Amino acid sequence: MTRGRIRARIRRSSLYTFACYKPSPTEEDGPHDIQGPGYSRMVYCNQPHIHEQKPLKYCSNYISTTKYNVLTFFPKAIFEQFRRVANLYFLLAAGLSLTPVSPFDPVSMIAPLVFVVGLSMAKEALEDWRRFMQDMKVNLRKASVHKKNGVFGPKPWMKLRVGDIVKVEKDQFFPADLLLLSSSYEDGICYVETMNLDGETNLKVKQAMETTLPLDDDPTFKEFSATISCEDPNPSLYTFVGNFEYDRQVYPLEPTQILLRDSRLRNTAYVYGVVIFTGHDSKVMQNSTKSPSKRSTIEKKMDKIIYFLFSILLFISLISSIGFILKTKYDLPKWWYLRVPDRANLFNPGKPLTSGFYHLVTALILYGYLIPISLYVSIEVVKVLQALFINKDIHMYDEETGTPADARTSNLNEELGQVDTILSDKTGTLTCNQMDFLKCSIAGTAYGMHASDVELAAAKQMAMDSDGQNGTPTSWEKSGKAFQESEIQLETVVTSKDEDAPKPPIKGFSFEDMRIMNGHWLEEPHADVILLFFRILSLCHTAIPEPNEETGTITYEAESPDEGAFLVAAREFGFEFCRRTQSSVFVHERYPSFQEPIEREYKILNLLNFTSKRKRMSVIVRDESGQILLLCKGADSIIFDRLSRNGRMYEEATTKHLNEYGEAGLRTLALAYKKLDEAEYSAWNEEFTRVKTSFGGDREAMLEKVSDTMERDLILVGATAVEDKLQKGVPQCIDKLAQAGLKIWVLTGDKMETAINIGYACSLLRQGMKQICITTMNTDTLVQDSKQALKENVLMQITNATQMIKLEKDPNAAFAVIIDGKTLTYALEDDMKHQFLNLAVDCASVICCRVSPKQKALVTRLVKEGTGKITLAIGDGANDVGMIQEADIGVGISGCEGMQAVMASDFAIAQFRFLERLLVVHGHWCYKRIAQMICYFFYKNIAFALTIFYFEAFAGFSGQSLYVDWYMLLFNVVLTSLPVISLGVFEQDVDSEVCLQFPALYQQGPKNLFFDWYRIFGWMANGLYASLIIFFLNIIIFYDQAFRIGGQTADMTAVGTAMFTGVICAVNCQIALTMSHFTWIQHFLVWGSVISWYLFLLMYGELQYSIPVNAYRILLEVLGPSPIYWSTTLLVTVACNLPYLAHISFQRMFNPLDHHVIQEIKYYRKDIEDRHMWRKERSKAREKTKIGFTARVDAKIRHLKGKLARKYSSMGHCVPQQR
Amino acid sequence: MEMEGGSSSTSIGIQNDTVSLRQRRSKFMHQFTQQNLPACKPVLTPPWVISMFFVFGVIFIPIGLLCLHASQSVVEIVYRYDAECVPEPLRSNKLAYIKDSSIPKNCTKHFKIQKHMTAPIYIYYQLDNYYQNHRRYVKSRSDQQLLHGLKYDGISTCSPEDVNNGHPVVPCGLIAWSLFNDTYTFFRGIDELRVNRKNIAWQSDRDHKFGKEVYPFNFQNGTLIGGANLDPNIPLSDQEDLIVWMRTAALPTFRKLYGRIEENLDADDVISVNLLNNYNTYSFSGSKTLVLSTSSWLGGRNNFLGMAYVAIGTSFIFIASIFLLLHVKNSRSYGDTTNLSWNWK
């Protein structure tokens, strides 16, 4: 505590040139005039009990994202269920089954429906329960709240009320929207990380009002009371209007005093705040939109098939009814044994149309088996199980954080197998938001040996590839030399890593170079420049040191992570920044002797801080000898423009190094300095102070101008390269995904340079790729162009770029589009978006930087709707919520603490790299499984339902069913459902290893090879064929003669049962043929279903219930002893499956698909016998791609080959022809 | 076929049993959740396909021949009598003939036995264009009443033949009401051939579906007489022709067992049938046929099953030969990487 207090004595605001965005703490404008609608909220601070009664009773801080509650569950869930047409149809049918129109027993209609709907609702309930538990986790978080008499105690978030005083400590989330009263800093400043709200990683400064600053201790709240009147809840994150009445004075409130829920306190020990908006009133909750319910494309297509089946149903029902009307009118009067007309007019030859109408209803119910009632529920069961597999996959379990993958909604599993474009967030998704100081260039010499992740992985890849290539003695001799060359280059990189392995890793510092470490720099040629370099690192920043008492080390709290990395680096080099006072910075310098550090004081005279516009920051310091120095660090282009003529000594070498670093995906800054003499400085300072204390709108512009005059004629010292640390495995994953034919777009809130760096690091960009930067920056800012002109400019850039791509001859040329958010606003307008999309689709990589959350969503929608392909959005923060919800599939990164993205997502994974397995393995499988399953479902129901229809023609279209009601009831629910589920859950065309090794297999999904109309209709035709075979074979075999040695003839029940046996055996054998992967579970379920039919028949035959339907002892006495029954079953089963078997054998023989061939290779164990072939195929099994490592390596090989060829030709040798 | 990934280790030792069981269970759970269970992955390679097709063909053709043989061994005499048994002058209005109860319905026919018939010889009547499977007809019965008689009164399903003169009808419903009532008597020369009309219905029907204590009541007492009357002194469980009739047929053409002749009939025997042509099929121009048939292990005469087997078997052999031919002539090497799509270009 004491430590915090001491540190807090610094008035942070004075560190800033621009004084925390406010000219001065004096309030020149009075309270806001807030009357009228929209501004009715009153908050009585520290008197939360007032808010327990109307009209001041605001909503509680309990948040709920569940769909249902206990009361609404039944009505709402049932309504949801019957929104599906098929279910509604079955509900109607069940209702009608209670009337005499029904061909069936009501039970046989109602029971399956109750079962199916009940199961679906149980699933809904379970999912909602999980959501509820997740909400409760948030709701039960503890916050420290003022209880009474200045005592604070913990309270769960959900119990917070408006008016409560809350104390939030460092790194905690704000439990509600708060008004900042005071902080541990004297001037009421606090740092807030808003990553969950807008995805920006830099910290934001909030400042309390002057009046409330004394309230910085627990006991001071004993007597505190005040009133806030402010705006009503609204979703605008950046505005706030309100008045604060305290001590009979009214003060205006600004957005800078508001701490929003779900943002986080950083670099500040604690803050006190008053709760203004709670729960769903808070801005972040107001911002959240209901997550749309998404349905997969397969399911949408399935709906179409269901409509198609409905029309078939209607069609055959109409045929039946017409037949019935004719029969009723002309034949029925002659059929004396029917004694027509009946009382209910169901069979009235006098009123054939009335009876016909009734019959139509009957027929619609009777043929309802055409619509698979259990399809939806089976799919749901399958998807839940598939989701279970996704959740349990050990390869997607992150050991560091202990988070498994989480399929939050199970209805998009198969969509994972059809993704075409991935839209990814950057920070937190691709990168860890951690900077590592990696390399530097000082005085024109490059230091730092450590290879970045990228280089390491690339080296490995290349070594492996050349290994494989050397084995093939074909046309590669030419490039052999080139390979060796590149290998040698890479070798140094790789080996240097092993030298000093035992050193513990330091967070933010991965620099390794003995030339300047441990004080060795003193022996380097430009030691004086190196000294300056280190001093700039340790002085030019706004960070605060925080000594850790336990370990004695110092950690730094910096606004941006790269600043932290610099300070850690400086410390490691022997320039430990240890203390900051109001006016000075103290550094422990291990100079001139490395062993004995000396504490030196540098007076900070001015601090010209960083803005995104200036892209540089400077400090002016006076060292102990009285020398005034301006130390500056900034973007290389900016610094190079400001160098003095004699400060350009190292420019050339440094530029070269900077390019190398850039290519390696490192973030670079240039460092420079300038010596000032006293007079020059004081003249400038006078001017600077005058401007700083002035008021007026152009104050900032003026300040900038004055700063600018100072930051000129600099002398270049060197450059730093910081690695924006990628998440583990990201480049490899991107590479694999690219090989699987997926396009990857990066949408980031970061600035363009950072985005481009990461593009390099992830191999989305590479040297030699043509970068098309579309921005509005390069139009002259002085001319306040009209929107129209800007727009035309953007359009022109787009058309030019498109033209350029069209004219490109080289097939290996790759393009990348990089566009910034401001330009994107124009590019996304209706009249331009298609041009933009066309351009983007033609390019290998697309990077959008500085985009707002809303733009992310808009881009996603553009891709989704413009290309008609399936998009996947992946992100980790609240700023990604829009795009996650907009995309066909939203994936959230669940490792970090913010929950918004995960809450909105369909799938949550802990690491970006798991995306590969999620798509290439699970997506691929799920797609095939679901596609096969649905096709089979239609097959089986067509095969079954049509037999009922054919029978009508033989029963005078009277609506009599050949089967016993119970058979029909069990058909969908028991006898054929489990094998389909096992197909949908366990089927694997190739195992997961192979899926990963052959990414090209993934393309079967996006190309939709398994659910195209050809296949669907093929299966339907198969069903039609099976129905014909089953029906007519049985009818003819059991026609009129005896079927038993005892002379008995078959009655309706016997024929029906024999036929039904045929159906069960045929469809179950069919599914066995469809499967290519049998574990004992499949065997058990498929053959078990057949056996269960016989068991059922046996049991049913013994039931008293079976007496009314002539099924009594049907198997034991009637059919079992009859050879004709068994032989018919065999005949029907085999005849039904004959064409399919022939078809797939033929298909495999002449038109094998990739997975067929791989299955065969595996089957013949060729992969083990011929490992070389297997490796070769693996390296070839990828889609043509221009991004990713492999493409990068390819490009490099091409480059080297080209160089080699040129060398040969210049030497006058005969060049062997190269392809 | 091959087993992959599964290594089965059986541990011996009693005290290890529980441990190994748990281990095995956890191993199973792991393999299950990782979708890694040992699996059999059959691949339709040409040897498999061809031999499979051949095997099926080879199995099916003999079965078919066997069935054909059985079917051919059945001797069948079929005699359609509905038209013939109407006296010549009344043939223009058969309906009037059948409805006029004053006209005697006797009719006699002689056949010559073509082929030796071994007992038992089954007598069937066959009706044609008779929709016993019509929904209205099928539903018009009460199985509870058949079993429990007058004790059961929920017989609304039997409408319109449920109540007559205020009393329930036993057995109720259209099916029972329309019971077939032609009768046949057979003579060899002048000796009457005994027709056994017992045990023509299923045992279970007699024992469990038709009450032993249930006697016909108020049956065929209404204004409309349907078919046969029943002897009110015999319980339903013994009225076997009713039991057979109540098993509704699946198709509009059907045979029902009438009885058995339990003597062999030799070739060239002359049989005469004395029949009472009572049943009205004339109003819907259905035919009535008398069938005498022996039976084989397969039942009656039914060439179709055997032919179907032979046909399917032949097509298997045919397809197998085509595959063989194609495989030999134009084979692709299985598991050859040139067929992978990325090797096409």
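Here the residue index of a chain counts from 1 through its sequence in written order. Chains and ligands are labelled by the order in which they are written, letters from A for the one and numbers from 1 for the other. In keeping with the predicted nature of the model, local features appear solely for residues at pLDDT of at least 70, side-chain atom pairs appear and are counted solely at 80 or more, and the whole-chain, interface and lining totals rest on all residues. Hydrogen atoms and water are omitted, and side-chain values are computed over all heavy atoms in the structure.

### Let's talk about the overall build of chain B
In this description a helix means any DSSP run of H or I spanning at least four residues, a strand means any run of E spanning at least two, and both kinds are numbered starting from the N terminus. In terms of regular secondary structure, chain B is built from nine helices and 13 strands. Radius of gyration: over C-alpha atoms. The globule rule applied is 2.2 Å multiplied by the number of residues raised to the 0.38 power. Here the C-alpha atoms of chain B give a radius of gyration of 31 Å, more than 25% beyond the 20 Å that 2.2 N^0.38 yields for 345 residues. With the principal axes as the frame, chain B shows a C-alpha extent of 90 × 55 × 50 Å. By the convention used here, residues are in contact when the closest approach between their heavy atoms is within 4.5 Å. Considering only residue pairs separated by 6 or more positions, chain B has 80% of its internal contacts joining residues 24 or more positions apart. Carbon together with sulfur atoms contributes 57% to the accessible area of chain B, which is approximately 16,200 Å² in total. Both charge centroids of chain B, one from 34 positive and one from 29 negative side chains, sit 9 Å from each other. In short, Shrake-Rupley with a 1.4 Å probe defines the accessible areas, and a residue's cover is counted only from the protein chains shown. In this tally, Lys and Arg are treated as positive and Asp and Glu as negative; His is ignored, and so are the chain termini. Charge positions are represented by NZ for Lys, CZ for Arg, CG for Asp and CD for Glu.

### A closer look at the packing of aromatic side chains
Two rings from Phe, Tyr or Trp (for Trp, the six-membered ring) form a pair when their centres sit within 6.5 Å of each other. Planes less than 30 degrees apart are called stacked, planes more than 60 degrees apart edge-to-face, and all others tilted. Counted by the stated rule, this structure contains 101 aromatic pairs over all chains. Between Trp-335 of chain A and Tyr-337 of chain A, the aromatic rings sit 6.4 Å apart at their centres with planes inclined by 5 degrees, giving stacked as the arrangement. For each residue, the accessible area found with a 1.4 Å probe, counting protein chains only, is set against the maximum for its type, and the residue is called buried under 20%, exposed over 50%, and partly exposed in between. With a relative accessible area of 2%, Trp-335 of chain A lands in the buried category. On the accessibility criterion, Tyr-337 of chain A (0% relative accessible area) is buried. Definition used: whenever NZ (Lys) or CZ (Arg) falls within 6 Å of the ring centre and also within 35 degrees of the ring normal, the charge is taken to sit over that ring. For Lys-167 of chain A, the ring lying beneath its charged end belongs to Tyr-270 of chain A, and the centroid distance is 5.0 Å. One Lys or Arg, Arg-197 of chain B, reaches over the ring of Tyr-258 of chain B and ends 3.8 Å from the middle of that ring.

### Examining the environment of Arg-408 of chain A
All names here are of chain A. Position of Arg-408 among the secondary structure elements: in the loop between strand 14 (406-407) and strand 15 (419-424). For the pair Arg-408 and Glu-127, spaced 281 residues apart in the sequence, the C-alpha separation amounts to 8.2 Å. Setting aside residues no more than four positions away along its own chain, Arg-408 makes contact with Glu-127, Gln-134, Val-902, Met-903, Ser-905, Asp-906, Phe-907 and Ala-908. Polar contacts, as used here, are pairs of N or O atoms within 3.5 Å; protein pairs need one atom able to donate a hydrogen and one able to accept it. Residues neighboring in sequence count only if both atoms are side-chain atoms. Here the side chain of Arg-408 touches Val-902 through a polar contact of 2.8 Å, landing on its backbone oxygen. Within the local environment of Arg-408, its side chain forms a polar contact with the backbone oxygen of Ser-905, the two atoms lying 3.2 Å apart.

### Side note on the confidence of the model for chain B
Low-pLDDT stretches of the model should not have their predicted coordinates read in fine detail. Residues and elements named next belong to chain B. For chain B, the mean per-residue pLDDT works out to 85, and 94% of the residues sit at or above 70. A residue's pLDDT is the confidence the predictor assigns to it, expressed on a 0 to 100 scale. Ranking the elements of chain B by mean pLDDT puts strand 1 (residues 3-4) last with 40 and strand 5 (residues 121-127) first with 93. Every residue in residues 1-13 scores below 50 in pLDDT, and together they form 21 contacts with partners more than four places removed in sequence or on other chains. As scored by the predictor, the complex reaches a pTM of 0.83 and an ipTM of 0.93.

### A look at helix 34 (residues 1123-1150) of chain A
Residues and elements named next belong to chain A. Helix length check: helix 34, at 28 residues, gives a terminal C-alpha distance of 40 Å against a target of 40 Å (1.5 Å per residue), a fit within 8%. A residue's bend is given by the angle between axes fitted to the 7 residues ending at it and the 7 residues starting at it. The axis of helix 34 is deflected most strongly, by about 35 degrees, at Leu-1138, and proline Pro-1139 appears within four residues downstream. Counting buried positions along helix 34 gives 20 out of 28 residues, so the element sits mostly inside the fold. Multiplying one less than the number of residues by 1.5 Å gives the expected span of a helix.

### Notes on the nonpolar core
Generally speaking, soluble globular proteins have nonpolar side chains that are buried together. Within the largest apolar cluster, 225 residues are counted, with the highest numbers of intra-cluster contacts made by Tyr-967 and Trp-1093 of chain A together with Tyr-184, Phe-186 and Trp-245 of chain B. Broken down by element, the residue count for this core peaks at 19 residues, all from helix 26 (residues 914-954) of chain A. For every domain, the bounds stem from an assignment made automatically or drawn from a database. Two domains each donate at least three residues to this core, and these are domain 2 (42-74 + 302-333) and domain 3 (75-294) of chain B. Beyond its immediate sequence surroundings of up to four residues, Tyr-184 of chain B is in contact with Tyr-81, Ile-123, Tyr-125, Tyr-258, Val-273, Asn-274, Leu-275 and Leu-290 of chain B. In this text, buried Ala, Val, Leu, Ile, Met, Phe, Trp, Tyr and Cys residues form a nonpolar core when linked through side-chain atoms within 4.5 Å.

### Considering the pattern of salt bridges
Residue and element names in this part refer to chain A. When a carboxyl oxygen of Asp or Glu is within 4 Å of a side-chain nitrogen of Lys or Arg, the pair counts as a salt bridge. Evaluated as defined, the whole model comprises 62 salt bridges over all chains. Its salt-bridge partner being Lys-856, residue Asp-425 comes within 3.0 Å of it at the nearest N-O pair. Here Asp-425, found in the loop between strand 15 and strand 16 (431-442), pairs with Lys-856, found in helix 23 (residues 853-867); they are 431 residues apart in sequence, far enough to count as distant. Residue Asp-425 is classed as buried on the basis of its relative accessible area, which comes to 4%. Given the relative accessible area of 1%, Lys-856 is considered buried. Salt-bridge contacts for Arg-1148 lead to Glu-1160; the nearest nitrogen and oxygen are separated by 2.9 Å. One end of the pair, Arg-1148, is in helix 34; the other, Glu-1160, is in helix 35 (residues 1154-1163), and twelve residues separate them in sequence. As far as burial versus exposure is concerned, Arg-1148 and Glu-1160 are alike and both buried. One network of salt bridges, with partners in common, ties together Arg-295, Glu-299, Asp-303, Lys-383 and Glu-414.

### A word on helix 18 (residues 730-739) of chain A
In an α-helix, one turn spans 3.6 residues; hence positions three or four apart end up facing the same way. In terms of burial, helix 18 of chain A is largely enclosed, as eight of its ten residues are buried. Two residues or fewer after helix 18 of chain A comes Gly-741 of chain A, characterised by a positive phi angle close to 90 degrees.

### Quick notes on the UniProt feature "transmembrane region" (unreviewed entry) in chain B
UniProt positions are given in the numbering used here, feature names are shortened, and annotations may be inferred rather than shown by experiment. Residues annotated in UniProt with the feature "transmembrane region" (unreviewed entry) correspond here to residues 48-70 and 304-326 of chain B. Secondary structure content for residues 304-326 of chain B is 100% helix and 0% strand, while the C-alpha to C-alpha distance between its ends is 32 Å.

### Digging into the sheet that holds strand 2 (residues 142-148) of chain A
Backbone-to-backbone hydrogen bonds pair the strands of a sheet. The strands run either parallel or antiparallel. Pairs of strands are assigned from DSSP output, requiring at least two bridges between the strands. Here six strands make up an open sheet; going across it, the order is 3-2-4-13-5-11 (chain A) and the pairing antiparallel. Because the sheet does not close on itself, it has two edges, and the strands there are strand 3 (151-156) and strand 11 (258-259) of chain A.

### Some details on the interface of chain A and chain B
Taken together, the 103 residues of chain A in the interface contact 101 residues of chain B. By definition, the buried area sums, over both parts, the 1.4 Å-probe accessible area that each loses when the two are put together. Where chain A abuts chain B, roughly 9,500 Å² becomes buried across the two surfaces, and 62% of that area is made up of carbon and sulfur atoms. Taken as a group, Trp-336, Tyr-337 and Arg-339 of chain A account for 9% of the area that chain A buries against chain B, more than any other trio of residues on that side. Summed over the shared surface of chain A and chain B, the result is four salt bridges. Here Lys-41 of chain B and Asp-991 of chain A are joined by a salt bridge, their closest N and O atoms 3.9 Å apart. Summed over the shared surface of chain A and chain B, the result is 28 residue pairs in polar contact (both at pLDDT 80 or more).

### A closer look at the state of the cysteines
Only a pair of cysteine sulfur atoms within 2.5 Å qualifies as a disulfide here. On inspection of all chains with the given rule, the structure shows two disulfides over all chains. Through a disulfide, Cys-158 of chain B is tied to Cys-172 of chain B; the S-S separation comes to 1.9 Å. Taken together, the residues span a long stretch of sequence, with Cys-158 of chain B in the loop between helix 5 (143-148) and strand 6 (163-164) and Cys-172 of chain B in the loop between strand 7 (167-168) and helix 6 (174-177) at a distance of 14 residues. Each of the two residues, Cys-158 of chain B as well as Cys-172 of chain B, counts as buried. Counting its disulfide-bonded cysteines in sequence order, chain B shows a connectivity of 1-2, 3-4. Of all cysteine sulfurs in the structure, the one in Cys-540 of chain A sits closest to Cys-440 of chain A, which takes part in no disulfide; the separation is 16 Å.

### Let's talk about the domain arrangement of chain B
Looking at chain B, the domain boundaries give domain 1 (1-37), domain 2 (42-74 + 302-333) and domain 3 (75-294). The C-alpha-based centres of domain 2 of chain B and domain 3 of chain B are spaced at 44 Å.

### A look at the sheet that holds strand 12 (residues 264-266) of chain A
All names here are of chain A. If you walk across this open sheet you meet the three strands as 7-6-12, and the pairing is antiparallel. Strands with a single pairing partner mark the edges of an open sheet, and in this sheet they are strand 7 (204-207) and strand 12. Across the sheet, the axes of successive neighbouring strands diverge by a mean angle of 45 degrees, strand direction being ignored. In this sheet, strand 12 lies alongside strand 6 (residues 189-193) in antiparallel orientation, the contact comprising three bridges. Of the residues in strand 12, the one forming a bridge with Val-192 is Leu-265. Only the contacting stretch of a helix is used when fitting its axis, a line to C-alpha atoms as for every element, and angles between N-to-C directions run 0 to 180 degrees.

### Side note on the UniProt feature "active site" (unreviewed entry) in chain A
Here the UniProt-annotated "active site" (unreviewed entry) positions come out as Asp-425 of chain A. Setting aside its immediate chain neighbours within four residues, Asp-425 of chain A contacts Leu-430, Leu-747, Lys-856, Ile-874, Gly-875, Asp-876, Asn-879, Asp-880 and Met-883 of chain A.

### Some points on the side chain of Ser-1076 of chain A
Tracing the sequence through the fold places Ser-1076 of chain A in the loop between helix 31 (1052-1074) and helix 32 (1080-1102). Here Glu-987 of chain A takes part through its side chain, which lies 2.7 Å from a polar atom of the side chain of Ser-1076 of chain A. Setting aside chain neighbours within four positions, we find Ser-1076 of chain A in contact with Glu-987, Gln-988, Asp-989 and Gln-1159 of chain A together with Cys-40, Lys-41 and Pro-42 of chain B.

### Describing the packing of helix 30 (residues 1013-1037) of chain A against helix 9 (residues 303-329) of chain B
The contact between helix 30 of chain A and helix 9 of chain B brings their axes to 8 Å, and the two run at 140 degrees. Relative to helix 9 of chain B, the element helix 30 of chain A is oriented oblique. Residue-level contacts link Leu-1033, Ile-1036 and Ile-1037 of chain A of helix 30 of chain A to Phe-304, Leu-305 and Ala-308 of chain B of helix 9 of chain B. Residue polarity is assigned by list, with Asp, Glu, Lys and Arg as charged and Ala, Val, Leu, Ile, Met, Phe, Trp, Tyr, Cys and Pro as nonpolar; anything else, Gly included, falls into the polar class. Of the residues contributing to the contact of helix 30 of chain A with helix 9 of chain B, the split by class is six nonpolar, no polar and no charged. Roughly parallel means an angle under 35 degrees; roughly antiparallel, over 145; roughly perpendicular, 65 to 115; everything else is oblique.

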